[in-house]
Amino acid sequence: MTDTIVIVGSLNADLVVRTERFPQPGETLHGSDLATLPGGKSANQAVAAGRLGGTVRMVGAVGDDGNGTLLRDSVAASGADTTHVVVRPDTATGTAVITVDGRGENTIVISGGANATFSPADLPADVFHDAAVLGLCLEVPMDAVLAAARAAHAAGVTVLTNLSPFGAVPPELLELTDVLLVNEHEAAALGDHGVQRSIVTRGGDGSVVHDGDAQPVEVPAVPVDAVDTTGCGDAFMGAVALRLAAGDSLVEAARFAAGVGAYAATGAGAQASYPTTAQLEAFLGT
Ligand code: RIB
């Protein structure tokens, strides 16, 4: 069985400032020095799976600028293949403006840049030939998300969809999705979705796994003193993709992902805080 994970979607440079608390509308606060860190939900998922030893192929777009180099280097350093990350001339790499408060919570506003130019034409013809799992989120245009889901579905690849950032969800995307990954707020906003296999994440309260007709299973969170929760959900998703590609059940994948997501909260930044297998084992004491 092949275990290649294909991640199709966004790469962002995260422009991060820490503040003790979030400003009110119209308020100005002093913050920390600005840090520019590799992020983007899809790139984060790819790095999480790659750093844990997965065979990962990243498909997306960056601009021909320093942030694009930062992103391609970070994804490649995790071991993921970046051959299919296209470099768009005269376009800025996607960015995310992030504030992190004293409790490690964040606010994020994204500016699409090259991500917004990613189109079905950027999907390589044979990109799913050896794939087990496709990871999707909603930071690139929906026509490209749908094209990837259709091609993966036709190739018999498990389509793992994260509906973030949440917005209008075409019914076809849900029909093509094998495993849905949403947080509790997205699940409530979505309502009945018809996807048989799903994980609903609930932050510090863990997650609930729905797998077909089986009784829902609650998977506890791994308790942690959070430094920065940015990208924890993406680390969780990358870990789920990794374990599904390896043949685990959805519950096993969610249990593993709980540890990875918790580890990611212990360090600053998104990709910068993701563990290798050795780091994860030391953290969990396994
Ligand atoms: O989920 C966290 C990510 O959301 C950040 O890395 C940012 O780039 C946005 O995509």
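Residues numbered from 1 in each chain as written. Predicted model: local features only at pLDDT ≥ 70, side-chain atom pairs only at ≥ 80, totals over all residues. Heavy atoms only, no water.

- As recorded by an unreviewed UniProt entry, the protein chain carries the name Ribokinase and is attributed to Curtobacterium herbarum.
- In the Sequence similarities (unreviewed entry) part of its UniProt record, the protein chain is described as follows: "Belongs to the carbohydrate kinase PfkB family. Ribokinase subfamily." (UniProt positions renumbered as here; feature names shortened; annotations may be inferred.)

## Focus on the UniProt feature "active site" (unreviewed entry) in the protein chain
(1) Moving on: Per the UniProt record, the feature "active site" (unreviewed entry) sits at Asp234.
(2) Moving on: Here aspartate 234 shows up in helix 6 (residues 232-245).
(3) Moving on: Judged by its relative accessible area of 7%, aspartate 234 falls in the buried class.
(4) Moving on: Aspartate 234 has contacts with Lys41, Asn44, Gln45, Ala48 and Tyr274, leaving out every residue within four places of it along the chain. (Helix = DSSP H or I, 4+ residues; strand = E, 2+ residues; numbered from the N terminus. Buried < 20%, exposed > 50% of the residue type's maximum accessible area, 1.4 Å probe, protein only. Contact = heavy atoms within 4.5 Å.)

## Brief notes about the environment of threonine 91
(1) Moving on: Summarising the element assignment, threonine 91 is placed in the loop between strand 5 (81-88) and strand 6 (94-100).
(2) Moving on: Each C-alpha atom, one on threonine 91 and one on aspartate 64, is 6.8 Å from the other, the two residues being 27 residues apart in sequence.
(3) Moving on: Other than its neighbours up to four places away in sequence, threonine 91 contacts Gly63, Asp64, Asp65, Gly113, Ala114 and Thr117.

## Observations concerning the packing of aromatic side chains
(1) Moving on: A complete count under the given rule lists one aromatic pair for this structure.
(2) Moving on: Between the aromatic rings of tyrosine 263 and phenylalanine 283, the centroid separation amounts to 5.3 Å while the plane-to-plane angle is 85°, which identifies the pairing as edge-to-face. Highlighted residues: tyrosine 263 in helix 7 (residues 250-264) and phenylalanine 283 in helix 8 (residues 277-284), separated in sequence by 20 residues.
(3) Moving on: Using a relative accessible area of 30% as the deciding quantity, one classes phenylalanine 283 as partly exposed. (Phe/Tyr/Trp six-rings, centres within 6.5 Å; stacked < 30°, edge-to-face > 60°.)

## Digging into helix 2 (residues 66-77)
(1) Moving on: For helix 2, spanning 12 residues, the distance from its first C-alpha to its last is 16 Å, which sits close to the expected 16 Å at 1.5 Å a residue.
(2) Moving on: By the burial criterion, the buried members of helix 2 are Gly68, Leu71, Ser74 and Val75. End-on, the buried residues of helix 2 take up no more than an arc of 135°, which puts them together on one face. Residues Gly66 and Ala77 are exposed on helix 2 and point more than 90 degrees away from its buried face.
(3) Moving on: Residues of helix 2 that are buried make contact with strand 2 (12-18), strand 3 (35-39), helix 1 (41-51), strand 4 (55-63) and strand 5.
(4) Moving on: Phi turns positive, to about 100°, at glycine 79, one or two residues after helix 2. (Expected span 1.5 Å × (residues − 1). Arc of directions from axis to C-beta.)

## Re the UniProt feature "binding site: ATP" (unreviewed entry) in the protein chain
(1) Moving on: What UniProt calls "binding site: ATP" (unreviewed entry) maps, in this numbering, to Asn183, Thr201, Arg202, Gly203, Gly204, Asp205, Gly206, Gly233 and Asp234. The annotated residues that sit in the lining of the largest pocket are Asn183, Thr201, Arg202, Gly203, Gly204, Gly206, Gly233 and Asp234.
(2) Moving on: Among the secondary structure elements, threonine 201 is positioned in strand 11 (residues 197-201).
(3) Moving on: Setting aside residues up to four positions removed in sequence, threonine 201 forms contacts with Leu181, Val182, Asn183, Glu184, Gly206, Ser207 and Phe236.
(4) Moving on: Mapped onto the fold, aspartate 205 is located in the loop between strand 11 and strand 12 (207-211).
(5) Moving on: The exposure class assigned to aspartate 205 is exposed, which follows from its relative accessible area of 56%.
(6) Moving on: Ignoring anything within four residues of it in the chain, the contact list for aspartate 205 reads Val219 and Ala221. (1 Å grid on protein atoms, 1.4 Å probe; cavity = no way out; pocket = protein on both sides within 12 Å on 5 of 7 lines; lining within 4 Å.)

## Topic: the sheet that holds strand 12
(1) Moving on: Read from one edge to the other, the open sheet built from nine strands follows the order 5-4-1-8-9-10-11-12-13, with strand pairing classed as mixed. Two strands in the sheet have a free side with no partner beyond their single neighbour: strand 5 and strand 13 (217-219). On average, each strand axis in the sheet is inclined to that of its neighbour by 15°, with strand direction left out of account.
(2) Moving on: Here strand 12 pairs with strand 13 via three bridges, running antiparallel. Considered in strand 13, the bridge of valine 208 is made with glutamate 218. (Pairing = 2+ DSSP bridges. Axes fitted to C-alpha atoms, helices over the stretch in contact; angles between N-to-C directions.)

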